[in-house]
Amino acid sequence: MKPTREVAIVAFAQSPSVRREWARDDVELLLPVIQEALSQAGLSKEEVGFTASGSSDFVTGLPFSFVLALDAVGASPPIEETHVEMDGAWALYEAWVRLSLGDVDTALVYAFGRSSLGEPRDVLGMQLDPYYVAPLAPDAISLAALQARALLDSGRATERAFAEVAARSRRNAKANPNAQRSGDFLPEALLDAPYLVAPLRRHDCPPISDGAVAVMLAAGEKARAATARPAWIRGIDHRIEPHGLGMRDLTRSPSTALAAANAGVGQGRVDVAEVHAPFSHQELILREALGLSGEVDLNPSGGALAANPLMSAGLIRIGEAARRVMAGSARRAVAHATSGPCLQQNLVCVLEAAP
Amino acid sequence: MKPCAVIGVGQSRHASRRDDVSLAGLVREAVDRALSDAALTLEDIDAVVLGKAPDTFEGVMMPELYLADCLGAGSKPLLRVHTAGSVGGSTAIMAVNLIRAGLHSRVLAVAFEKQSESEAMWALSPKYPFQPPLLAGAGGYFAPLVRAYIRRSGAPPDIGVRVAVKDRKHALLNPYAHLHLPDISTEAVTNSAMLWDPLRYLETCPSSDGACAMVLSSEEAARRAPGPIAWVRATAMRSEPTMFAGRDQVNPQAGRDCAAALYKLAGITSPRRDIDVAELYVPFSWFEPMWLENLGFAEPNEGWRMTAEGATALGGALPINPSGGVLSTNPIGASGMLRFAEAALQVRGLAGAHQVDGAKVALGHAYGGGSQFFSMWIVARQQL
């Protein structure tokens, strides 16, 4: 969708992703992240016009988990605030829409997920059709494996290509202090590992991560005042596909392609892309759907294979892409977030330095 | 900001158990009626916004993923909102914003709850570390606030009973209402069991299965709509934390701020004079006088007088909840949207037997959490 007003990302902060956050609760995880984002943007909490968050009660394992998280914002006096039960990337979309109306100039977006409180592969299985599919208890990794198998059967990818994605993700993550998995691995060595759920090996799957993220948005002059080099949102769109796995070609992501076209991904050279692919084979599907050439610096942060706090990992992709634009290492960046089994729902955002 | 209108409203039949429909079937019942009201099909819809209260109510994580098919959302944008009890209202506001930003021509807003697929008492009793274990359902949380209100205002003890009788009588005029209690009376309410002192069984909302849907549209699309239109004059949302020192939970600042912002945007200087009818989120009887004060219809500690005088009944000076309100129908995630939708029906003149004569300006109100999340809108027959 074409923006109706100039809106930019002006700050991004995230907690280091860890396997298990024992000591801090959601509020304690969010507080420093939100404070850092405000500080980067040079804003006080009173100057924030709109607040939107993303999280999931099923991740935390109790209803209304977003309610207490509001304590991390310090919503007194009262604020204009809302919550999507989705990845924080969609909260950012909502904030972008709100800023587009013109009467509010700044927005705080945050997300959190302590995935370690449950078994993510089983918890995510609860997303399925509750009458015909969920009772069969397929878990998230098995569903991804089904998709990976379909991709192999299509002849468009190999297990070695999966391993190459995993090796590059971990290598890139060495430069990311917030990543959970990193290091130098040879694809050949990775292929020696046993299957977790064939054809996926452990390195093809995301780590279980706890983490939080905050992003500041600002419009027009407010954005220019907040930072020397805002990451302007040039286009953002999201699309969903039917839920039924048998109703989709699992080897392709038409919703990503549609969102990418609407966001204008192809209307210029892409320097960096941060793609939310929790499973290695999904990066291959998404690269094709986004139309990214081999020259694009793909997932320099290491991506979701290096750190995957549920409901935060998509917003982190947008933040990582924006950070590179703000830092000057990229002029034009693409960020992507996904939700649902086998890439059912996808969001694409195009970020640019000043025109 | 571009204009936005309500051109279609639909709701399901509400009941304690809708064993005859799946989640998708329940949602489609409301969606199909809203589309029929707007003379549109799912193909005419550009984007969908879905709201409901916690996923633990039905045990489906992010059910918008599963419901994408029945909402005809394949290849469209679909957003899922969750702001506790206020979610029905904030879902509608999200949809309004998509129109106002000029992104879409027609947006479908949907909210639902199928409480029979869960145990609401359990789902409403979250156990946070370091918190006192007093969260025995919503009534356990709100009854002390009601006691504080009675002590503070000096209201006579029968005000809650009056609200309960009035709203149930209104519900008899609404074919979609869950509770139809033909024998409702002061005696029936007074003699019903005390659940959370001072709230009796019949001063408490039911648990309902139900859904609500609205078609919101741009000005251009609204001009082509076959039926009457409700223009969205203003929306507002405010949140504050559950607890902090000095928080007034009886008359929360977030609610007062939200109403003040709403009235300013809608050009309302005297709510009691300028608003013809209001659908307020009253899940327990005493919240009617409490919200009358919070929303500026009455001075602090004076709201109960409007109820006592009959001003809030159909035919009174300011009818409140002519649909029967949350006290008669409570599919939690949809309850807020039902308030917004009923307000729209009133100004469209389509509220049937519970229509307020000549209603031109209506307020829809929702709240959630520990009286901390507020979403409201003003709809009107004419554009501002």
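The rules behind these values
Residues numbered from 1 in each chain as written. Chains lettered and ligands numbered in written order. Predicted model: local features only at pLDDT ≥ 70, side-chain atom pairs only at ≥ 80, totals over all residues. Heavy atoms only, no water. Helix = DSSP H or I, 4+ residues; strand = E, 2+ residues; numbered from the N terminus. Rg over C-alpha atoms; globule rule 2.2 N^0.38 Å. Buried < 20%, exposed > 50% of the residue type's maximum accessible area, 1.4 Å probe, protein only. Contact = heavy atoms within 4.5 Å. Areas by Shrake-Rupley, 256 points an atom, 1.4 Å probe, with all protein chains shown as cover. Lys, Arg positive; Asp, Glu negative; His and termini not counted. Charge placed at Lys NZ, Arg CZ, Asp CG, Glu CD. Core = buried A, V, L, I, M, F, W, Y, C linked by side-chain atoms within 4.5 Å. pLDDT = per-residue confidence, 0-100. Buried area = accessible area lost by both parts, 1.4 Å probe. Salt bridge = Lys/Arg side-chain N within 4 Å of Asp/Glu carboxyl O. Polar contact = N/O pair within 3.5 Å; in protein donor to acceptor, adjacent residues only side chain to side chain. Phe/Tyr/Trp six-rings, centres within 6.5 Å; stacked < 30°, edge-to-face > 60°. Lys NZ or Arg CZ within 6 Å of the ring centre and 35° of its normal. Axes fitted to C-alpha atoms, helices over the stretch in contact; angles between N-to-C directions. Parallel < 35°, antiparallel > 145°, perpendicular 65-115°, else oblique. Left-handed = near helix turned anticlockwise from the far one by under 90°. Nonpolar A, V, L, I, M, F, W, Y, C, P; charged D, E, K, R; others polar. Pairing = 2+ DSSP bridges.

**Focus: the overall build of chain B**
Right, on to step 1. Looking only at helices and strands, one finds 14 helices and 11 strands in chain B.
Right, on to step 2. Its C-alpha atoms give chain B a radius of gyration of 19 Å, within 12% of the compact-globule value 21 Å for 384 residues.
Right, on to step 3. Overall, chain B is about 55 × 45 × 45 Å in size when its C-alpha atoms are taken along their principal axes.
Right, on to step 4. For chain B, the proportion of its 384 residues judged to be buried stands at 68%.
Right, on to step 5. Long-range contacts, defined as pairs at least 24 residues apart, comprise 77% of the intrachain contacts of chain B with a sequence gap of at least 6.
Right, on to step 6. As presented, chain B carries roughly 12200 Å² of accessible surface, and 53% of it is formed by carbon and sulfur atoms.
Right, on to step 7. Positive and negative side-chain charges in chain B, numbering 35 and 37 respectively, have mean positions lying 4 Å apart.

**As for the overall build of chain A**
Right, on to step 1. When you go through chain A residue by residue, the secondary structure sums to 12 helices and 12 strands.
Right, on to step 2. For 355 residues, the compact-globule estimate of 2.2 N^0.38 gives 20 Å, and chain A sits close to it at 19 Å.
Right, on to step 3. Principal axes of the C-alpha set define a box for chain A whose edges measure 55 × 45 × 40 Å.
Right, on to step 4. Out of the 355 residues in chain A, the part that is buried amounts to 66%.
Right, on to step 5. At a minimum sequence separation of 6, the contacts of chain A that also span at least 24 residues come to 80%.
Right, on to step 6. Carbon and sulfur atoms make up 54% of the accessible area of chain A, which totals about 11700 Å².
Right, on to step 7. If the 33 positive side-chain charges of chain A are averaged to one point and the 41 negative ones to another, these points end up 6 Å apart.

**Considerations on the nonpolar core**
Right, on to step 1. Grouped together as the largest cluster of nonpolar side chains are 143 residues, with contacts concentrated most on Ile9 and Leu217 of chain A together with Leu363 and Trp377 of chain B.
Right, on to step 2. For this core, the leading source of residues is helix α14 (residues 332-348) of chain B, giving 10 residues.
Right, on to step 3. Counting residues in hydrophobic clusters, the runner-up holds 44 residues, among them Phe58 of chain A together with Leu42, Tyr66 and Leu71 of chain B.

**Re the confidence of the model for chain B**
Right, on to step 1. When the pLDDT values of chain B are averaged, the result is 95; 97% of them are 70 or greater.
Right, on to step 2. Interface confidence for the predicted complex, expressed as ipTM, amounts to 0.97; the pTM equals 0.97.

**Some remarks on the interface of chain A and chain B**
Right, on to step 1. The interface is formed by 60 residues belonging to chain A together with 54 residues belonging to chain B.
Right, on to step 2. For the chain A and chain B pair, buried surface summed over both sides reaches about 4900 Å², with 68% attributable to carbon and sulfur atoms.
Right, on to step 3. Contact with chain B buries surface across chain A, with Phe64, Leu101 and Ile240 of chain A losing the most and accounting together for 14% of the total.
Right, on to step 4. In this assembly, chain A and chain B are joined by 0 salt bridges.
Right, on to step 5. The interface formed by chain A and chain B holds 15 residue pairs in polar contact (both at pLDDT 80 or more) in total.
Right, on to step 6. Among the elements of the structure, α2 (57-60), α3 (65-69), β3 (81-84), α4 (88-100) and β8 (231-240) of chain A are those that each provide at least two residues to the side of chain A that touches chain B.
Right, on to step 7. Per-element accounting of the side of chain A that touches chain B gives the leading share, 7 residues, to α4 of chain A.

**Side note on the packing of aromatic side chains**
Residue and element names in this part refer to chain B.
Right, on to step 1. Within the structure shown, the criterion is met by 16 aromatic pairs over all chains.
Right, on to step 2. Here the aromatic rings of tyrosine 141 and phenylalanine 142 are separated by 5.3 Å at their centres, their planes lie at 80°, and the arrangement is edge-to-face. Taken as a pair, tyrosine 141 and phenylalanine 142 share a single burial class, namely buried.
Right, on to step 3. When the ring of tryptophan 291 is compared with that of phenylalanine 374, the centres are 5.5 Å apart and the planes differ by 90°; the resulting orientation is edge-to-face. Of this pair, tryptophan 291 sits in helix α11 (residues 287-294) while phenylalanine 374 is found in strand β11 (residues 373-380), placing the two residues 83 residues apart along the sequence.
Right, on to step 4. The structure contains a cluster of three or more aromatic residues connected by ring pairs, namely Tyr141, Phe142, Trp196, Tyr281, Phe284, Phe287, Trp291, Tyr367 and Phe374.
Right, on to step 5. Its guanidinium or amino end placed over the ring of phenylalanine 112, lysine 52 lies 5.3 Å from that ring's centre, counting from NZ or CZ.

**Description of the packing of helix α6 (residues 140-153) of chain A against helix α11 (residues 280-290) of chain A**
Between two packed helices, what matters for the description is the angle formed by their axes and the separation of those axes.
Residues and elements named next belong to chain A.
Right, on to step 1. With their axes 9 Å apart at the nearest point, α6 and α11 run at an angle of 55° to one another. Regarding the angle of α6 to α11, the classification is oblique. α6 and α11 meet at a crossing whose hand is left-handed. Touching Ala144, Gln147, Ala148 and Leu151 of α6 are His281, Gln282, Leu284 and Ile285, all from α11.
Right, on to step 2. Here the contact of α6 with α11 is built from residues that sort into 5 nonpolar, 3 polar and no charged.

**Details of the pairing of strand β1 (residues 4-11) of chain B**
Along any regular strand the residues' side chains alternate between the sheet's two faces.
Residues and elements named next belong to chain B.
Right, on to step 1. Burial within β1 is extensive, with 8 of its 8 residues counted as buried.
Right, on to step 2. Here β1 runs beside strand β7 (residues 209-218); their pairing, made up of 7 bridges, is antiparallel. Bridge pairing in β7 places cysteine 4 opposite serine 218.
Right, on to step 3. As paired strands, β1 and strand β8 (residues 230-239) are joined by 2 bridges and run antiparallel to one another. Bridge assignment links valine 6 to a residue of β8, and that residue is alanine 230.

**Here we look at the pattern of salt bridges**
Residues and elements named next belong to chain A.
Right, on to step 1. All told, the structure shown has 50 salt bridges over all chains when counted by the stated rule.
Right, on to step 2. Here aspartate 249 makes a salt bridge to arginine 252, at a shortest N to O gap of 3.8 Å.
Right, on to step 3. Residue class for aspartate 249 comes out partly exposed when judged on its relative accessible area of 42%.
Right, on to step 4. One salt-bridge network, held together by shared partners, links Glu6, Glu221, Arg224, Arg234, Arg332 and Glu352.

**A few points about α11 of chain B**
Right, on to step 1. In terms of residue burial, α11 of chain B counts as a mostly covered element, since 8 of its 8 residues are buried.
Right, on to step 2. In the stretch just after α11 of chain B, glycine 296 of chain B is the one whose phi turns positive, near 80°.

**Remarks on the environment of leucine 345 of chain B**
All names here are of chain B.
Right, on to step 1. Note on placement: leucine 345 falls in helix α14.
Right, on to step 2. By relative accessible area, which is 12% here, leucine 345 ends up buried.
Right, on to step 3. Between the alpha carbons of leucine 345 and valine 9 there is a distance of 7.4 Å; along the sequence they are 336 residues apart.
Right, on to step 4. Here leucine 345 is in contact with Val9, Leu350, Ala351 and Gln355, once residues within four sequence places are set aside.

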